[in-house]
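Here is how the chains run, residue by residue.
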Amino acid sequence: MSTVATRQAPPEVAPAPAVPGARRRWTRLILPVYTWLMILYFSLPILVMIVFGFNDTKGRLNLRWQGFTLNWYRDLFAIQGLTTALRNSLIIAVISTIVATVLGTTVGLALGRYRFRGKGAYDLVIFSAISAPELVLGASLLSLFVTVQFVRGFVTIVIAHVAFSLAFVAVTVRARVLGLDPDLEEAAQDLGADPWTTFRKITLPLLAPGIVAGALLAFALSIDDYVVTSFVSGQVETFPLWVFGASRVGIPPQVNVMGTLIFLGGVGIAVGNALLARRQRG
Amino acid sequence: MSARGGRARLAPYLVGLPGGLWLAIFFVVPLLVMFSLSLQSGNAEAGFRFTWEWSNYTRAWDLYSTQFLRSGVYALIVTALCLALAYPMAYWIAFYGGARKSTYLFLILLPFFVSFVIRTASWKFILNDQGIVLGPLKEAGLLPQDFHLLATTTAVIGGLTYNYLPFMVLPLYVALERVDPSLVEAAHDLFASRAEAFRRVVFPLSLPGVFAGVLITFVPVASDFVNSGILGGTQTTMIGNVIQTVYLNSNNYPLASAMSFLLMAALLVGIFTYARVLGTEQVMEVSQR
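In this text the structure is predicted, and so the values were computed from the model without any measurement.

Quick notes on the rules
The residue count restarts for each chain, going from 1 along the sequence in the order it is written. In the order they appear in the text, chains get letters beginning with A and ligands get numbers beginning with 1. Totals for whole chains, interfaces and linings use every residue, but because this is a predicted model, local features are given only for residues with pLDDT of at least 70 and side-chain atom pairs only at 80 or more, for both listing and counting. Elements are defined by DSSP. Helices are runs of H or I of four residues or more, strands are runs of E of two residues or more, and each kind is numbered from the N terminus. Exposure criterion: with C-beta atoms placed from backbone coordinates, a residue whose C-beta has 20 or more other C-beta atoms within 10 Å is buried, one with 12 or fewer is exposed, and one in between is partly exposed. By the convention adopted here, residues are in contact when the distance between their C-beta atoms, placed from the backbone, does not exceed 7 Å. Under the convention adopted here, Pro, Cys and the residues Ala, Val, Leu, Ile, Met, Phe, Trp and Tyr are nonpolar, Asp, Glu, Lys and Arg are charged, and Gly plus all remaining residues are polar. The convention used is that axes are lines fitted to C-alpha atoms, helices contributing only their stretch in contact, and that angles between N-to-C directions extend from 0 to 180 degrees. Each helix crossing is assigned a hand: it is left-handed if the near helix lies turned anticlockwise from the far helix by less than a right angle, otherwise right-handed if that turn is clockwise. For the domains described, the bounds stem from an automatic or database domain assignment. Note on definitions: a nonpolar core is a set of buried residues drawn from Ala, Val, Leu, Ile, Met, Phe, Trp, Tyr and Cys, linked by C-beta atoms within 7 Å. A pair of strands is considered paired only if DSSP assigns at least 2 bridges between the two. What pLDDT expresses is the predictor's confidence in each residue, scored from 0 to 100.

Quick notes on the overall build of chain A
So, step 1. Helices and strands together make up the secondary structure of chain A, namely 13 helices and 0 strands.
So, step 2. In chain A, buried positions account for 40% of the 282 residues.
So, step 3. In chain A, of all internal contacts separated by at least 6 residues, the share reaching a separation of at least 24 is 80%.

Overview of the overall build of chain B
So, step 1. Looking only at helices and strands, chain B has 12 helices and 2 strands in total.
So, step 2. Secondary structure elements of chain B, listed N to C terminal, follow the sequence α-β-β-α-α-α-α-α-α-α-α-α-α-α.
So, step 3. Burial statistics for chain B: of 289 residues in total, 44% are counted as buried.

Quick word on the interface of chain A and chain B
So, step 1. Contacts between chain A and chain B engage 64 residues on the former and 69 residues on the latter.
So, step 2. It is helix 3 (residues 30-51) of chain A that contributes the most residues to the side of chain A that touches chain B, 12 residues altogether.
So, step 3. When the residues that make up the side of chain A that touches chain B are grouped by side-chain class, the tally is 49 nonpolar, 13 polar and 2 charged.

Regarding the packing of helix 3 of chain A against helix 2 (residues 55-96) of chain B
Each pair of packed helices can be summarised by the angle the axes make with each other and by the distance between the axes.
So, step 1. The N-to-C vectors of helix 3 of chain A and helix 2 of chain B enclose an angle of 115°; their axes lie 9 Å apart at closest approach. Between helix 3 of chain A and helix 2 of chain B lies a crossing of left-handed hand. Contacts between helix 3 of chain A and helix 2 of chain B involve A:Leu31, A:Pro32, A:Tyr34, A:Thr35 and A:Met38 on the former and, on the latter, B:Leu85, B:Pro88, B:Met89, B:Trp92 and B:Ile93.
So, step 2. For the contact of helix 3 of chain A with helix 2 of chain B, the residue count by class is 9 nonpolar, 1 polar and no charged.

What to know about unusual backbone geometry
So, step 1. One non-glycine residue with positive phi stands out, namely A:Gln149, at about 50°.
So, step 2. Assignment of secondary structure puts A:Gln149 in the loop between helix 7 (134-147) and helix 8 (154-178).
So, step 3. Phi angles above zero are rare outside glycine, and B:Phe191 is one such case at about 70°.
So, step 4. Mapped onto the elements, B:Phe191 comes out in the loop between helix 7 (181-189) and helix 8 (194-222).
So, step 5. C-beta crowding within 10 Å serves as the criterion here: with 11 such atoms nearby, B:Phe191 is assigned to the exposed category.

Regarding the domain arrangement of chain A
So, step 1. In terms of domains, chain A is made up of domain 1 (2-51) and domain 2 (79-258).
So, step 2. With centres defined by C-alpha atoms, the gap from domain 1 of chain A to domain 2 of chain A works out at 44 Å.

A few points about helix 12 (residues 239-247) of chain A
So, step 1. Of all 9 residues that make up helix 12 of chain A, 8 are buried, and the element is covered over most of its length.
So, step 2. Taken together, the buried positions of helix 12 of chain A are A:Phe239, A:Pro240, A:Leu241, A:Trp242, A:Val243, A:Phe244, A:Ala246 and A:Ser247.

A word on the domain arrangement of chain B
So, step 1. Per the domain assignment, the segments making up chain B are domain 1 (1-27) and domain 2 (65-288).
So, step 2. For domain 1 of chain B versus domain 2 of chain B, the distance between C-alpha centres works out to 38 Å.

Examining the nonpolar core
So, step 1. By size, the foremost hydrophobic cluster in this structure holds 149 residues, and its most contacted members are A:Ala163, A:Leu166, A:Val243, B:Ala90, B:Val169 and B:Met259.
So, step 2. The dominant element in this core, judged by the number of residues it contributes, is helix 6 (residues 153-177) of chain B, at 16 residues.
So, step 3. Those residues in contact with B:Met259 that lie beyond four places of it in its chain are B:Ala60, B:Tyr64, B:Ile239, B:Val242, B:Ile243 and B:Val246.

Things to note about the pairing of strand 1 (residues 40-43) of chain B
Residue and element names in this part refer to chain B.
So, step 1. Bridge count for strand 1 against strand 2 (residues 47-50) is 4 bridges, and the pairing is antiparallel. Residue pairing in the sheet places glutamine 40 in a bridge with phenylalanine 50 of strand 2.
So, step 2. Counting the residues in the hairpin turn of strand 1 and strand 2 gives 3 residues.

Overview of the packing of helix 3 of chain A against helix 3 (residues 101-109) of chain B
So, step 1. Two elements in contact, helix 3 of chain A and helix 3 of chain B, have axes whose closest approach is 8 Å; the angle formed by their N-to-C orientations is 35°. Contacts between helix 3 of chain A and helix 3 of chain B involve A:Thr35, A:Ile39 and A:Phe42 from the former and B:Tyr104, B:Leu107 and B:Ile108 from the latter.
So, step 2. Its residues placed into classes, the contact of helix 3 of chain A with helix 3 of chain B shows 5 nonpolar, 1 polar and no charged.

A closer look at the environment of A:Thr57
So, step 1. Relative to the elements of secondary structure, A:Thr57 occurs in the loop between helix 3 and helix 4 (71-74).
So, step 2. Assessed through the 20 C-beta atoms surrounding it within 10 Å, A:Thr57 is described here as buried.

Focus on the confidence of the model for chain A
Residues and elements named next belong to chain A.
So, step 1. For chain A, per-residue confidence averages 87 on the pLDDT scale, and 90% of positions sit at 70 or higher.
So, step 2. The secondary-structure element of chain A with the lowest mean pLDDT is helix 1 (residues 2-8), recorded at 41, while helix 11 (residues 227-232) shows the highest, at 96.
So, step 3. Note on residues 1-20: pLDDT under 50 across the span, and 4 contacts to partners over four residues away in sequence or across chains.

Examining the environment of B:Phe198
So, step 1. Topologically, B:Phe198 is positioned in helix 8.
So, step 2. When the C-alpha atoms of B:Phe198 and B:Ala187 are compared, they prove to be 9.2 Å apart, with 11 residues separating the residues in sequence.

Brief notes about the environment of A:Val48
So, step 1. As for its placement among the helices and strands, A:Val48 is situated in helix 3.
So, step 2. A residue is classified by how many C-beta atoms lie within 10 Å of it, and A:Val48, with 17 of them, is partly exposed.
So, step 3. Along the chain, A:Val48 and A:Asn256 lie 208 residues apart, while their C-alpha atoms are 8.8 Å from each other.
So, step 4. The contacts of A:Val48, once residues within four sequence positions are left out, are B:Ser122, B:Phe125 and B:Ile126.

Listed below in structure tokens is the structure:
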């Protein structure tokens, strides 16, 4: 009732709202301040990673600030095991991204475009592959590889990475397929284009943003994966595996530098992508 | 489409076949193999044989029920913490973010541009006994010399909360963003106070986001072993750590398979109950963003 009264009252006559009004203005700040504090909390480990890549640390223990240096950028590849691990990760990510993008796109097309017998089961498999805990994916693949006595290493890592990123590419592409205007393809066919030409010249370019997004996701999932890889890696070390192992004894500053460079690369791609999209729209 | 007949009807199978085969061979078959392995007996040297060895399951529970239960409890605590921390943020961005909504979301997603393992290792660095936080506090005499955070439950739950918080913010944001502000105005016009409008209009409409957020936080947290591996100690071992060790170090594949299956069964029951409540499409739609 009181709300009605204050709302009907003209502002000048309102009986001394100074205290409640000030309080309302003050409480209005709680949520934005909280949100910014949380954003700070989100970035804290990132800031620490970047800053301590410049730390002039002696020996392996990079714990307290000891002065500014660019040594670790200069000696980025001085630790052989780490360099090999990073190279392995990059090669695995590129190969598995290509395979997962091609296969995932076809799956996305099949699921987005057609109704067919068995589609429900197919959808269920995709859904399970996305929502299954990584631990289960890794453990079950390891079970398969030990049962058929397949030697674990580079190949098994790529197989595993394709298996989990394929489903993500598929749902990304499917979302795009569902948003396609079928008139465009019909128009192309009316103008005499055969199905393959229609696909190449009309469908594929329209799907491209979805495919690129799926591919970026696949790359990010692959290069960052620790859990599944730890099960199927055998003797091969990837970047996350190496860092996990090193975290027990102390992480060398080169890891901070590599993390910083990967971070800047990823942010650069994301920001560039967003700006590009904005320009196309505007 | 019907005019083109047989070939068109085959098209979805041909297009979907290669990807389907990959998923069948490297996702479905491994699950079946793991189930079969969980019922075998033997040892790594002599090989394993299928003997309907259901005792693997009871042994898994007898040996590691502590870690199973601990994982469940940690996952519950972390999910509740994430929900409590994420909701106000998602609410504010959805209703008051204005033109900068996507910028805020981008800032929340920044951690994903740093490797999961490095992020967690970075927390180990921050929380170190002599590190940048505890070190100065100890030197100033504000904390006892033997105070430590690493290898405690606090550190593991803190790490898990940090790493999975964005997964909670996103679905909450998506659900809250869809709430029509004019509904809130209508509630005010009908004399609802701010709290009442929130409790009776906004919150019920955001429930799909809450359900989805709980789902996509709880499942990976319960099976996580990176956080307890890096930030934890012997008293914070989760079931994921045990499974990894039994697979890779003890090579007791049947026991490890039985444990993975127990974990998966427990989680799957949860997932499908939720999916039933929400509808599969909706869960997938939310988890995609």
